[in-house]
Amino acid sequence: MTDFLRDLNDVQRSAVTATEGPVMVLAGAGSGKTRVITYRIAHLIRNNGVTPYNILALTFTNKAAGEMRHRIDKLLQSGSASGLWIGTFHSVFARLLRSYIHLIGYDRNFSIFDSDDSKSLIRQSMNELGITNDSLPVNAVQSIISKAKNSFILPSEFQSRPGDYNQQKAAKVYELYTRKLRENNALDFDDLLIKPLELFRAHEAVLGELQETFRYILIDEYQDTNRAQYLAAKMLGAKHRNIFVVGDDAQSIYSWRGADISNILNFQDDYQDSLTFKLVENYRSTGTILQAANSVIRNNHRQIKKELISNRSAGEPVTLIEAYNERQEGEKVAEHIRSMRQKDGHDYSGFAVFYRTNAQSRVLEDVMRQNRIPYRIFGSVSFYKRKEIKDAVAYLRFIVNERDNESLLRIINFPPRKIGDVSIAKLKEYAVLQDSSLYDAIRNAAEGGFQQRLVNALESFSSVIEKLKELSEYGSVYDVLSELYSLTAIPAQLQAENTAESLARYDNLQELLSMARDFSDHNPDSSSLGDFLENISLASDYDETRESDNYVSLMTVHASKGLEFPVVFITGMEERLFPLNTYEQDELEEERRLFYVAMTRAQEKIFLSWARSRYQYGQPQQCLRSMFVTEIDASIVRTESGELISGRSSSERASSSGTATSRGFQSKAPSPQSGIQTPRQESKSASKGFRAGAMVHHALFGPGMILEVHGSGSGQKVKIRFRTAGDKTLMVQYANLRIVS
DNA sequence: GCAGTTGTGCTTTTT
DNA sequence: GCACAACTGC
């Protein structure tokens, strides 16, 4: 037994050493969750002699995985953790699929489609089925399909389920989309989770082999797992049953992408013989911050009760900043940062500014720049989503997987080769006729009876591809990419254009090139083009943090999970922004958890800010202060001038903290000053409750909010913003709307 | 075939 | 107030 276990408190140590059988750790924010996972892995390897190769640790982000690996290496002598399976569900499963996917009819060189690729394929499918975007928006279909996949409902089953008209149409799209993915030899993000399940179901021997390999399974952020992830963990752990999950139901903020909070709430029922440990001692935040966080989360009903206990002093109260508009909000944030930096000697890196939606970042960014405060925005436009990067990556992807038509269509006429839509349509026809892939059709174009000009253009394209393909057989990723740059002259073109924008793009391409070089250097044994692409596909901008630099961090609340900062600003504390438009109690509770996550990032000091007016869609909107502000114990909230917050009567507090039935803030709607509650107040028609701002329910489109009311009587129309179906204008007499509030 | 323009629809959050 | 899809005119 090694003495590193002395670094742990009693509960942590018990959780670390309970190595056999199912274990759940409920780890409150800042309670040493990562420490427990990393020490447990180190303990298994060092003290129990478990081979790293037999341990599987699954995380939610690449960053978390990287950090854990780093910490484990530090606990053990570096190198002795090699062979350990640690990574995100997506990356570990992608790796498994490379070995086994041929068993379920895919080629191991499959492409990984990002959500844009997948959207484009869904759009194609809808076109072929004659479903217009107007009748059913692509985005809605994409989200329906993704939800189905995350719940491990396959197309056949989805089709046979009863559902409304839209669901039926979506089911058809789902079926065709799945076929198209297969044609492209491609997987979307969700497939990375469900293809393993299909594989396990069809090939028990493979499952058995993997069950034998993964003697110990650890899952981080268990509250964010979806049904597919839950099933995968259950299947893989069924033999040895050493399944160890860590999470915090109060920090579950991803239900919108299929995370199922029941997974953690029901763990004890699933594994009746499991042990549970609760970590509630918080090492991060002051007593006041935890008091604030506890007092807010207490308003949620669906939760496992636990209150964080600080082992630090009370600290400073929460400061509430009220601004005239979002510009002034930013100015005030900047001013506080400047003065605190002088007074308390914080580095810029000690400050973080959070917002609920990305759209809010622009103004904050402007203000930071004007005030000469160094800042960094996390996760705005991803590097990998930039056009020039996507183009270059599409070439690489196509070289690896020549069935990847998404990539092919992206590059066939870029740079311009005079191959337009008409030619492509002809080619597609020819491919169908020949029953060949699109690329085979291109290679056989000479026999296709096309115009000589087109044949020449196609040949010049395929010769580039063939050259690169050959090079990729023996050359490094770097070699392939630089040859690509010279053959297509894409960077040269950008350089020649010589505008600020084109030069920035040129720089991005150079950056990609140096990433390729780094990749080959750091992964000498697995540095194939395919590996590089997999890395890129599953990477996000949130992964990199340059600790050493001194800047203020700007990010969404979601992106802040897992991080900590001495001083935290939570901006946009307004109704309908934070909490964002919510229609149901569950959604409001998720917003509240999100706010809880934001607050518990702070070590010393929290500022909350809100603006009385804010631009939305280029239009100024009146705003109301968020109900969440009122939920914090009033005794620990001060205004900027140091007064207790005022202007809230106790009755108002009572009504805004909400009951299960009144859905919280909406009960305040009729108050005369509540400007934003009725976006178009001028609408005169208040009859039958069809007024702007009212919540309604439509049999097909689900819940929505009335934006505008036109006319009255039998000709009355209402414009409604639906949660999933978008904005629609409907005739009241046919729409059969149910008024919810 | 292509560039430039108009139109639309949207903004939650990401592997 | 933006990004991107669809359209138009050369």
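Starting afresh in each chain, residues are numbered from 1 along the sequence in its written order. A letter from A marks each chain and a number from 1 marks each ligand, given out in the order of writing. Totals for whole chains, interfaces and linings use all residues, but because this is a predicted model, local features are given only for residues with pLDDT of at least 70 and pairs of side-chain atoms are given and counted only at 80 or more. Values shown for side chains rest on all heavy atoms present in the structure; no hydrogens or waters enter the calculation.

Colleague: Hey, could you run me through helix H21 (residues 452-474) in this one?
Modeller: Because an α-helix packs 3.6 residues into every turn, residues spaced three or four apart end up facing the same way. In this model, H21 (23 residues) spans 34 Å end to end at C-alpha, consistent with the 33 Å of a helix rising 1.5 Å per residue. Between buried and exposed lies partly exposed: a residue is buried under 20% and exposed over 50% of the maximum accessible area for its type, with that area taken using a 1.4 Å probe on protein chains only. Strands here mean DSSP runs of E at least two residues long; helices mean DSSP runs of H or I at least four residues long; both are numbered from the N terminus. Of the positions making up H21, those classed as buried are Leu454, Val455, Ala457, Leu458, Phe461, Ser462, Val464, Ile465, Leu468, Lys469 and Leu471. Turning to H21, the residues buried within the fold contact helix H17 (387-400), helix H18 (405-411), helix H19 (421-434), helix H20 (438-443) and helix H22 (477-488). Helix span, as expected, comes to 1.5 Å for every residue beyond the first. A contact between two residues is defined here by any heavy atoms of the two lying within 4.5 Å.

Colleague: Honestly, unusual backbone geometry in this entry has me stumped. Any pointers?
Modeller: The amide bond that connects phenylalanine 414 to the next residue, proline 415, takes the cis arrangement and shows omega of -5 degrees. In this chain, phenylalanine 578 is followed by proline 579 through a cis amide linkage whose omega measures 10 degrees. Considering the arrangement of structural elements, one finds proline 579 in the loop between strand S15 (565-570) and helix H27 (585-599). With phi around 65 degrees, lysine 418 is a residue other than glycine that occupies positive phi space. Owing to a relative accessible area of 70%, lysine 418 belongs among the exposed residues under this scheme.

Colleague: How should the pairing of strand S14 (residues 552-556) be read in this particular structure?
Modeller: It is a general feature of regular strands that their side chains alternate between the two faces of the sheet. With 5 of 5 residues buried, S14 is to be regarded as a mostly interior element. Across the two faces of S14 the burial is the same, with Val552, Leu554 and Thr556 and Ser553 and Met555 all buried. By the convention used here, strands pair only if DSSP detects at least 2 bridges between them. Alignment of strand S12 (residues 351-355) against S14, held across 4 bridges, turns out to be parallel. Bridge assignment links alanine 352 to a residue of S14, and that residue is serine 553. As paired elements, strand S13 (residues 375-377) and S14 share 3 bridges and run parallel to each other. Residue pairing in the sheet places tyrosine 375 in a bridge with valine 552 of S14.

Colleague: What is the right way to read the sheet that holds strand S7 (residues 243-247) from this model?
Modeller: The pairing of strands in a sheet happens through backbone hydrogen bonds and is either parallel or antiparallel. Overall, parallel pairing links the 6 strands, which are arranged S3-S2-S6-S7-S1-S8 in an open sheet. Looking at strand neighbours, the two that pair on one side only are strand S3 (85-88) and strand S8 (275-279), the edges of this open sheet. In this sheet, adjacent strand axes meet at a mean angle of 15 degrees when their direction is disregarded. Relative to strand S6 (residues 216-219), strand S2 (residues 55-59) runs parallel, the two being bridged by 4 bridges. In the strand pairing of S6, leucine 58 is matched with isoleucine 219. Structural elements are reduced to axes, namely lines fitted to C-alpha atoms, with helices fitted over the stretch in contact, and the angle between N-to-C directions of any two is expressed from 0 to 180 degrees. In this fold helix H2 (residues 33-46) packs onto strand S1 (23-27), S2, S6, S7 and S8, with an angle of close to 160 degrees to the strand it touches most, S7. Against the sheet, helix H3 (residues 62-75) makes contact with S2 and S3, and its axis sits at roughly 155 degrees relative to S3, the strand it touches most.

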